[in-house]
Amino acid sequence: GEDVEQSLFLSVREGDSSVINCTYTDSSSTYLYWYKQEPGAGLQLLTYIFSNMDMKQDQRLTVLLNKKDKHLSLRIADTQTGDSAIYFCAESAMDTGRRALTFGSGTRLQVQP
Amino acid sequence: DTGVSQDPRHKITKRGQNVTFRCDPISEHNRLYWYRQTLGQGPEFLTYFQNEAQLEKSRLLSDRFSAERPKGSFSTLEIQRTEQGDSAMYLCASSPISSFDNNEQFFGPGTRLTVL
């Protein structure tokens with residue numbers, strides 16, 4: 001079955017780049033997503049990448065996918081205090097016919113001023 | 001606000017009571033999902049509807065849980081005979097049916113359930 005793992009915590013200084021990592025186990029064609037969750041709020045979809053892509057850039061966000069190693073990363077350039085939140089990696093193995101997302105446990109990003 | 005809405009936002013109940021939560025998806029979104037999130041964990045999938053048809057159910061959805069989407073619009077999630085282990089945030093998400101299907105799911109704010 002699918003399994004998604006993330007490191008628990010990352011602390012960076014304001015203005016630095018943040019890199020949040022994720023590994024997944026499913027080998028089928030899939031979409032991979034990054035969600036952001038702030039305290040008391042729901043999940044906000046930040047970006048996604050399909051498994052036949054290596055990289056996707058969207059403003060300050062860069063997603064890198066190493067399909068061979070099943071490793072996904074989210075880079076946030078010029079990290080701001082407003083980026084402090086929990087970031088979840090999620091996988092969708094749609095070619096199995098399932099639509100359920102499998103989430104990691106989340107990485108808490110703390111941005112120091 | 002045209003996002004996913006959930007009601008109530010918080011529910012405190014005593015063990016053994018039944019509770020029901022409501023989710024209103026983004027209008028014109030045919031697909032609706034329920035997830036459960038416990039403290040320190042990511043969301044876990046419970047069930048999925050396409051229009052009024054329930055197409056996927058997780059093994060987490062025990063026989064005390066039932067979800068409905070009778071008219072293909074809003075959905076309800078009922079938990080019967082609640083247990084303390086049911087305490088969690090219950091999240092609803094919706095997504096459209098489109099020719100470019102990337103399974104983007106848009107989440108509501110959640111209903112936090114506390115079972116005493």
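Keep in mind that what you see is a predicted model, and the values were worked out from it rather than measured.

Describe in detail the overall build of chain A, supporting the description with residues and values.
Regarding its fold elements, chain A presents zero helices and 11 strands. Going from the N terminus to the C terminus, chain A shows its helices and strands as β-β-β-β-β-β-β-β-β-β-β. Split into buried and exposed, the 113 residues of chain A put 49% on the buried side. By sequence separation, contacts in chain A at least 24 residues apart represent 56% of the contacts at least 6 residues apart. Working note: accessible area of chain A is about 5,400 Å², and carbon and sulfur atoms make up 46% of it.

Lay out the overall build of chain B with the relevant residues and their values.
Within chain B, the regular secondary structure consists of zero helices and 11 strands. Each helix and strand of chain B, placed in order from N terminus to C terminus, yields the pattern β-β-β-β-β-β-β-β-β-β-β. The C-alpha radius of gyration of chain B comes to 14 Å, within 12% of the 13 Å expected for a compact globule of 116 residues. Principal-axis analysis of the C-alpha atoms places the extent of chain B at approximately 45 × 25 × 25 Å.

Provide a residue-level description of the sheet that holds strand E6 (residues 55-58) of chain A, including the pertinent values.
Residue and element names in this part refer to chain A. Ordered in space as E1-E3-E8-E7-E6, the five strands form an open sheet in which the pairing is antiparallel. On the outer flanks of this sheet lie strand E1 (4-6) and E6, each paired with one strand and no other. Across the sheet, the mean angle separating the axes of adjacent strands is 15° when strand polarity is ignored. Across three bridges, E1 lies against strand E3 (residues 18-24) in antiparallel orientation.

Run through the pattern of salt bridges, naming residues and quoting values.
Inspection of the entire model under this criterion finds six salt bridges over all chains. Across the pair Arg60 of chain A and Asp83 of chain A runs a salt bridge whose closest N-O atoms are separated by 3.0 Å. With Arg60 of chain A in the loop between E6 and strand E7 (61-66) and Asp83 of chain A in the loop between strand E8 (71-76) and strand E9 (85-92), this pair connects stretches of sequence that are 23 residues apart. Of the residues examined, Arg60 of chain A reaches a relative accessible area of 32% and is grouped as partly exposed. Salt-bridge contacts for Asp86 of chain B lead to Arg64 of chain B; the nearest nitrogen and oxygen are separated by 2.8 Å. Placement of the pair is Asp86 of chain B in the loop between strand E8 (75-79) and strand E9 (88-95) and Arg64 of chain B in the loop between strand E6 (53-57) and strand E7 (65-68), with a sequence separation of 22 residues. Each member of the pair, Asp86 of chain B as well as Arg64 of chain B, carries the same accessibility label: buried. Through salt bridges with shared partners, one network takes in Arg64, Glu83 and Asp86 of chain B.

Which residues make up the pairing of E3 of chain A, and what values do they have?
All names here are of chain A. Burial along E3 is one-sided: the face carrying Ser18, Ile20, Cys22 and Tyr24 is buried and the face carrying Val19, Asn21 and Thr23 is not. Pairing analysis gives six bridges linking E3 to E8, with the strands arranged antiparallel. Within E8, the residue paired with Cys22 across the bridge is Leu72.

Residue-level account of unusual backbone geometry, with values.
Following Asp7 of chain B, the chain continues into Pro8 of chain B via a peptide bond in cis, with omega recorded as -5°. Here Pro8 of chain B is to be found in the loop between strand E1 (5-7) and strand E2 (10-13). Although it is not a glycine, Gln59 of chain A adopts a positive phi angle of roughly 55°. Judged by its relative accessible area of 75%, Gln59 of chain A is exposed.

Any details on the interface of chain B and chain A? Residues and values, ideally.
Between chain B and chain A, the residue contacts involve 23 residues of the former and 20 residues of the latter. Carbon and sulfur atoms make up 50% of the surface buried where chain B meets chain A, a total of about 1,700 Å² over both sides. Interface area lost by chain B to chain A is led by Glu56, Asn103 and Phe107 of chain B, which between them contribute 27%. For the pair chain B and chain A, the interface holds one salt bridge. Of the charged contacts, one joins Arg98 of chain A and Glu56 of chain B as a salt bridge, the two residues approaching to 3.9 Å between their closest N and O atoms. At the surface where chain B touches chain A, the tally comes to 13 residue pairs in polar contact (both at pLDDT 80 or more). When residues in the side of chain B that touches chain A are grouped by element, the largest group, four residues, is from strand E4 (residues 31-37) of chain B. A per-class count over the side of chain B that touches chain A returns 10 nonpolar, eight polar and five charged.

Cut-off values and rules
- Residues numbered from 1 in each chain as written.
- Chains lettered and ligands numbered in written order.
- Predicted model: local features only at pLDDT ≥ 70, side-chain atom pairs only at ≥ 80, totals over all residues.
- Heavy atoms only, no water.
- Helix = DSSP H or I, 4+ residues; strand = E, 2+ residues; numbered from the N terminus.
- Buried < 20%, exposed > 50% of the residue type's maximum accessible area, 1.4 Å probe, protein only.
- Contact = heavy atoms within 4.5 Å.
- Areas by Shrake-Rupley, 256 points an atom, 1.4 Å probe, with all protein chains shown as cover.
- Rg over C-alpha atoms; globule rule 2.2 N^0.38 Å.
- Pairing = 2+ DSSP bridges.
- Axes fitted to C-alpha atoms, helices over the stretch in contact; angles between N-to-C directions.
- Salt bridge = Lys/Arg side-chain N within 4 Å of Asp/Glu carboxyl O.
- Buried area = accessible area lost by both parts, 1.4 Å probe.
- Polar contact = N/O pair within 3.5 Å; in protein donor to acceptor, adjacent residues only side chain to side chain.
- Nonpolar A, V, L, I, M, F, W, Y, C, P; charged D, E, K, R; others polar.

Coordinates in, geometry out; function isn't part of it.
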